[in-house]
Amino acid sequence: MKSVCVFCGCSDGRRKEFVEAAGRLGRTLAERGLTVVYGGATVGLMGQLADAALKAGGEVVGVIPERFIDRPRNIAHQGLTELHVVDTMHRRKELMAQLADAFIALPGGLGTLEEMLEALCWVQLRLHAKPCGLLDVGGYYQPLLRMLDVAVAEEFLKPEHRNLLAVAETPEALLDQFAHFQPPETPKLPCL
Ligand code: AMP
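Residues numbered from 1 in each chain as written. Predicted model: local features only at pLDDT ≥ 70, side-chain atom pairs only at ≥ 80, totals over all residues. Heavy atoms only, no water.

A few words on helix H7 (residues 171-179). Among the residues making up H7, those that are buried are Pro171, Leu174, Leu175 and Phe178. For H7, the angular spread of buried residues about the axis comes to 95°, placing them on one side. For H7, the elements touching its buried residues are helix H1 (16-31), strand E5 (103-105), strand E6 (132-135) and strand E7 (165-168). (Buried < 20%, exposed > 50% of the residue type's maximum accessible area, 1.4 Å probe, protein only. Helix = DSSP H or I, 4+ residues; strand = E, 2+ residues; numbered from the N terminus. Arc of directions from axis to C-beta. Contact = heavy atoms within 4.5 Å.)

Let us look at the side chain of serine 3. Considering the arrangement of structural elements, one finds serine 3 in strand E1 (residues 3-7). Overall, the relative accessible area of 6% leaves serine 3 in the buried class. For serine 3, the contacting residues outside a window of four places in its chain are Leu34, Thr35, Val37, Leu99, Ala100, Asp101 and Ala102.

Each pair of aromatic rings is reported with the distance of its centres and the angle of its planes. A full pass over the atoms with the stated rule returns three aromatic pairs. Seen from their ring centres, phenylalanine 7 and phenylalanine 103 are 5.9 Å apart, and the 15° between their planes marks the pair as stacked. Taken together, the positions of phenylalanine 7 in strand E1 and phenylalanine 103 in strand E5 put the pair 96 residues apart, joining distant regions of the chain. Exposure remark for phenylalanine 7: the relative accessible area of 4% places this residue in the buried category. Residue phenylalanine 103 is classed as buried on the basis of its relative accessible area of 1%. (Phe/Tyr/Trp six-rings, centres within 6.5 Å; stacked < 30°, edge-to-face > 60°.)

With that settled, consider the pattern of salt bridges. Enumeration according to the criterion identifies seven salt bridges in this entry. In this structure, the salt-bridge partner of glutamate 114 is lysine 93, at a minimum N-O distance of 2.8 Å. One end of the pair, glutamate 114, is in helix H4 (residues 110-124); the other, lysine 93, is in helix H3 (residues 89-99), and 21 residues separate them in sequence. Taken together, the salt bridges that share partners define one network made up of Lys93, Glu114 and Glu118. (Salt bridge = Lys/Arg side-chain N within 4 Å of Asp/Glu carboxyl O.)

Below, the discussion takes up the pairing of E6. Because side chains alternate across E6, one face comprises the buried residues Cys132 and Leu134, and the other comprises Gly133 and Leu135, equally buried. Across three bridges, E5 lies against E6 in parallel orientation. The residue of E6 that forms the bridge with phenylalanine 103 is cysteine 132. Taken together, E5, H4 and E6 form a β-α-β motif whose crossover is right-handed. Note: E6 against E7, four bridges, orientation parallel. Within the sheet, the bridge partner assigned to glycine 133 lies in E7 and is alanine 166. (Pairing = 2+ DSSP bridges. Right-handed = clockwise from strand over helix to strand, strands pointing away.)

Here it is, written out as structure tokens:
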């Protein structure tokens, strides 16, 4: 594994521990020589993550849609190792997925949730076979995990697909789980 894509809020969130967790993740990835791939902005947890990784000597690659630049202000990070400016949100997610060997979600809002669930859905469909994990800071992701358990109980989600999602409270524990990640052996649609 050489690079990790991090999805996270473009806000700081209400609790100080979210900002601290973004910094800790950025530092940990940099110290392990892993390139950070992320949404390319200076704002919120995204900015905290990128700044911490850069400060620790790491490489950080941003992928940002053109529409976020200069509207209403320029939030593209100017100090990154590399910044890709793309046309659309879809192209951004595609490129982030190509550039990364694994996916981690810190706390975040709709953007973070949809990015992470898409990455996980693509493992289920075997469009890629890269580990996905939640950094469950202060229990932020417990309601989402309960929702996934409901989906299993109601037979919309197979337990083996539910279990593809790693969950940990620290970056170190999450990366350890990634080291043992096994993608599903055969491509399997959820409904078959
Ligand atoms: P949210 O979780 O709704 O705050 O959205 C953050 C996630 O969606 C990040 O992982 C980004 O990839 C993407 N995103 C949403 N809004 C922005 C923005 N203004 N600038 C850069 N990326 C964004």
